[in-house]
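Reading the structure
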Amino acid sequence: MARKRKTDGRTPRRALWFRTLIAVTACGAAVGGLAAYRTLSEDTATERPVTMEEASRLALSRLNLYRASPVAVTLTATEGGGVVVRVEGVVDYRTHRAVGSYHVTGSSGASGPATGQLDHGLIVWDTGGLGLAPVPKGDNRPAWQQAEHIPRSGWSARSYTADPLDAGLRLLIELGADRPDNPLLLAQSGARRLERDRIDGRSYDRFAGPRAQGATPGAGPDGGRSPLTYWVDGDGGLRRVTMRMPGLGTPATVEFSGREGRAKLPEAPWGTG
């Protein structure tokens, strides 16, 4: 995750795992019908179209993110050659701002199997751009507190480009929504119920999201299914999202850990003035 400014037109190799996200439309729908979930048994893992209750619950997850903001997130992706990118941060879906730290680990070269940290630092982003900065030496506070005390001159900042990493960060910042859409449209767009899983002792339905715009049902190796998968509980709470990328055997994963009410997100450091 090289620190580069607007004049740097190179595309980082570590950003390739975000290749397809720019074309994916996030879902939204109306609230309602959640009581029916509690009557369902821990039954079949057969994939099928979502019911209207499930479509409403899947859509409610975006509104719940908005209401719970700021929320703690962890994004992890495994690239070729054993390189792992991990971003731990806080996202405020009310202001569409995020702050966190990033770590890139993996082999330092092709000559040996030894692995270690390749790059790390602080990152802030919103709907308009992102900024990177070194971690202050000896500062073990949360990333949002570290970022709060870095002057604008300490950030390497730029607007979004066509870089796939930028597309992924931009998608993440837009996952929350302040209003619902029609659940019928969500169901008609190809959302599917895959099966039920347990995470940390809680049950979650796993859903394939709506198909990417222009995808043909039944076509391609995944049957035209969306590259996004959601884990949603009985109250419409979103626990996990995975994103499949071309050329990567392991999907990128976003884990939501709940509200982080203490966090204060800095102003966009790439602003002028």
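Rules used throughout
- Counting of residues starts from 1 at the beginning of each chain's written sequence and follows it residue by residue.
- The model is predicted, so local features are restricted to residues of pLDDT at least 70 and side-chain atom pairs to those at 80 or more, both for listing and for counting; the totals for chains, interfaces and linings are taken over all residues.
- Computation of side-chain values: all heavy atoms of the structure, hydrogens and water removed.
- Helix and strand assignments come from DSSP, with helices taken as H or I runs of at least 4 residues and strands as E runs of at least 2, each series counted from the N terminus.
- The rule is simple: take the accessible area with a 1.4 Å probe, protein chains only, and divide by the maximum for that residue type; under 20% is buried, over 50% is exposed, in between is partly exposed.
- Residue contacts are counted whenever heavy atoms from the two residues lie within 4.5 Å of one another.
- All accessible areas in this document rest on Shrake-Rupley with a 1.4 Å probe, and a residue is counted as covered only by the protein chains that are shown.
- Here a strand pair is declared whenever DSSP counts at least two bridges between the two strands.
- As a per-residue quantity, pLDDT reports the predictor's confidence and falls between 0 and 100.
- Two aromatic rings from Phe, Tyr or Trp, using only the six-membered ring of Trp, form a pair when their centres are within 6.5 Å; if the ring planes differ by under 30 degrees the pair is stacked, by over 60 it is edge-to-face, and anything between is tilted.
- The criterion for a charge sitting over a ring is simple: Lys NZ or Arg CZ within 6 Å of the ring centre, and within 35 degrees of the ring normal.
- A pair is scored as a salt bridge if a Lys or Arg side-chain nitrogen falls within 4 Å of a carboxyl oxygen belonging to Asp or Glu.

If you tally the helices and strands in the protein, you get 4 helices and 12 strands. Residues counted as buried form 49% of the 273 residues belonging to the protein. The long-range fraction of contacts in the protein, counting pairs at least 24 apart against all pairs at least 6 apart in sequence, stands at 61%. Accessible surface, the protein as shown: approximately 12,900 Å² in total, 51% of it carbon and sulfur.

This part is about the pairing of strand S8 (residues 192–199). Bridging between strand S1 (residues 48–49) and S8 involves 2 bridges; their strand directions are antiparallel. Bridging across to S8, arginine 48 finds its partner in arginine 193. Where S8 and strand S9 (residues 202–208) come together, 7 bridges link them in antiparallel fashion. In the sheet register, aspartate 197 faces S9, and the bridge partner there is tyrosine 204. Hairpin connection of S8 to S9: 2 residues between the antiparallel strands, including aspartate 200 at a positive phi of 50°.

Another point: the confidence of the model for the protein. Averaged over the protein, the pLDDT score is 76; the fraction of residues at 70 or greater is 68%. Of the regions scoring below 50 in pLDDT, residues 3–43 engages in 122 contacts with residues more than four places distant in sequence or in other chains.

Taken as a whole and judged by the stated rule, the model has 0 aromatic pairs. Stacked on the ring of tyrosine 66, the Lys or Arg arginine 94 has its end atom at 4.8 Å from the ring centre.

Here the structure, examined in full by the defined rule, presents 17 salt bridges. Arginine 48 is the partner of glutamate 54 in a salt bridge, and the nearest nitrogen-oxygen pair spans 2.8 Å. On the basis of relative accessibility, which here comes to 1%, the residue glutamate 54 falls in the buried class. Owing to a relative accessible area of 26%, arginine 48 belongs among the partly exposed residues under this scheme. For aspartate 197, the salt bridge is made with arginine 206, and the minimal N-O distance between the two is 2.8 Å. It is possible to trace a salt-bridge network through shared partners that takes in Glu53, Arg57, Arg193, Arg196 and Asp205.

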